[in-house]
Amino acid sequence: MPHSPELGEQPDTSTDQTQLHGVLIRVADVGVLLTGNSGIGKSECALELIEKGHQLVADDVVAITRTDDSVVGRSPALTFELLEIRGLGIINVRQLFGDAAVLNESRIDLCIELSKDAEVDRLDGALGESCIAGCEIPQFVLPVNSGRNLSTLVETAVRIFRQHDRGAGTAELLMQKHQNLLDSLS
């Protein structure tokens, strides 16, 4: 596990970086970059995920560094271990949830865009790609509507992503079974 600085200790920021608006959280050993318009619920989703035992890397601004084959994100020193929640203000995640609730950095394995206007394929979801610092990262687009539990949807997206990496796509299996059924009828 990467070194997490002590309270008040700033992460190393000496490398060339680009910055993105979003929240980076580690969910079940997968670095998930949450993106979307301001006020859509990225930080609140991150808070729910932290409550469930996942780890915050960065809120609002994610400093991105490209390595040979991946993209790594971290929090700018000014906002390390802080999370802004509308109505509650700025909270210190380490103080409220403990040392294990924050990480200094994480590889970005998956992007999840939260969107009020998302139109996605109902059978196959919206697994696509997003280009970050010249690196293609798998991406889901999640429609945001009242009553949806975004943290559970993010956890499920991570599970689907892991399953997809193993080559087992549920929608593809359904379509193949459907085609086999049609073939048997003709």
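None of these values were measured; they are calculated from a predicted model. Counting restarts for each chain: residues are numbered from 1 in the order of the written sequence. Predicted model: local features are reported for residues with pLDDT of at least 70 only, side-chain atom pairs are reported and counted for 80 or more only, and whole-chain, interface and lining totals are derived from all residues. Neither water nor hydrogens contribute to the side-chain values; these are computed over all heavy atoms in the structure.

**Brief notes about helix α1 (residues 42-51)**
The line we're drawing: Each residue is assigned to one of three classes by its accessible area relative to the maximum for its type, calculated with a 1.4 Å probe on protein chains only: buried under 20%, partly exposed between the two thresholds, exposed over 50%. Labels follow the DSSP assignment, with helices taken as runs of H or I lasting at least four residues and strands as runs of E lasting at least two, numbered in each case from the N terminus.
Of all 10 residues in α1, seven are buried, a share of seventy percent or more. Turning to α1, its buried residues are K42, S43, C45, A46, L47, L49 and I50. Immediately beyond the C-terminal end of α1, within one or two residues, lies G53, with a positive phi of roughly 105°.

**Points about the sheet that holds strand β8 (residues 110-115)**
In plain terms, the rule: Following DSSP output, two strands are said to pair if at least two bridges run between them. In this analysis, axes come from line fits to C-alpha atoms, helices being fitted only over the stretch in contact, and the angle between any two N-to-C directions falls in the range 0 to 180 degrees. Two residues qualify as a contact provided that any one of their heavy atoms is within 4.5 Å of a heavy atom in the partner residue.
The strand order across the open sheet built from eight strands is β7-β4-β3-β1-β2-β8-β10-β9, with neighbouring strands paired in mixed fashion. With partners counted over all chains shown, the strands left at the sheet margins are β7 (105-107) and β9 (128-132), one partner each. Adjacent strand axes in the sheet meet at a mean angle of 40° when their direction is disregarded. As defined by bridge partners, strand β2 (residues 30-36) adjoins β8 across five bridges and the pair is classed as parallel. Paired with L34 across the bridge in β8 is I112. The sheet strands contacting α1 are β1 (18-27), β2, β3 (55-66) and β8, and the helix crosses β1 at an angle near 25°.

**Here's the deal with the pairing of β1**
Here β1 pairs with β3 via nine bridges, running antiparallel. If you follow R26 over to β3, its bridge partner there is Q55. Relative to β2, β1 runs antiparallel, the two being bridged by five bridges. Looking at the pairing, L24 lines up with L33 of β2.

**What about the pairing of strand β4 (residues 71-74)?**
Put simply, side chains in a regular strand alternate between the two faces of the sheet. By the alternation rule, side chains of β4 split into V71 and G73 and V72 and R74, which are all buried. As consecutive antiparallel partners, β3 and β4 are separated by four residues. Sheet topology places β4 next to β7; three bridges connect them, and they run antiparallel. Residue pairing across strands places V72 opposite R107, the latter belonging to β7.

**Some points on the pattern of salt bridges**
Stated formally: A pairing counts as a salt bridge when a side-chain nitrogen of Lys or Arg comes within 4 Å of a carboxyl oxygen of Asp or Glu.
Under the counting rule described, the total for this entry stands at six salt bridges. A salt bridge links E155 to K52; its shortest N-O distance comes to 3.0 Å. Within this pair, whereas E155 is found in helix α3 (residues 150-165), its partner K52 is found in the loop between α1 and β3, the two being separated by 103 residues in sequence. Taking the relative accessible area as the measure of exposure, K52 reaches 39% and is therefore partly exposed. In this structure, D99 engages R94 in a salt bridge whose closest nitrogen and oxygen atoms are separated by 3.0 Å. Using a relative accessible area of 53% as the deciding quantity, one classes D99 as exposed. Residues joined in a network through salt bridges with shared partners are R26, R107 and D109.

**Considerations on unusual backbone geometry**
Even without a glycine there, the phi angle at D29 is positive, about 65°. Within the element layout of this structure, D29 appears in the loop between β1 and β2. We classify D29 as exposed; its relative accessible area is 59%. Although it is not a glycine, D60 sits at a positive phi angle of roughly 80°. Examined against the element boundaries, D60 turns out to sit in strand β3.

None of this, on its own, says anything about what the molecule does.
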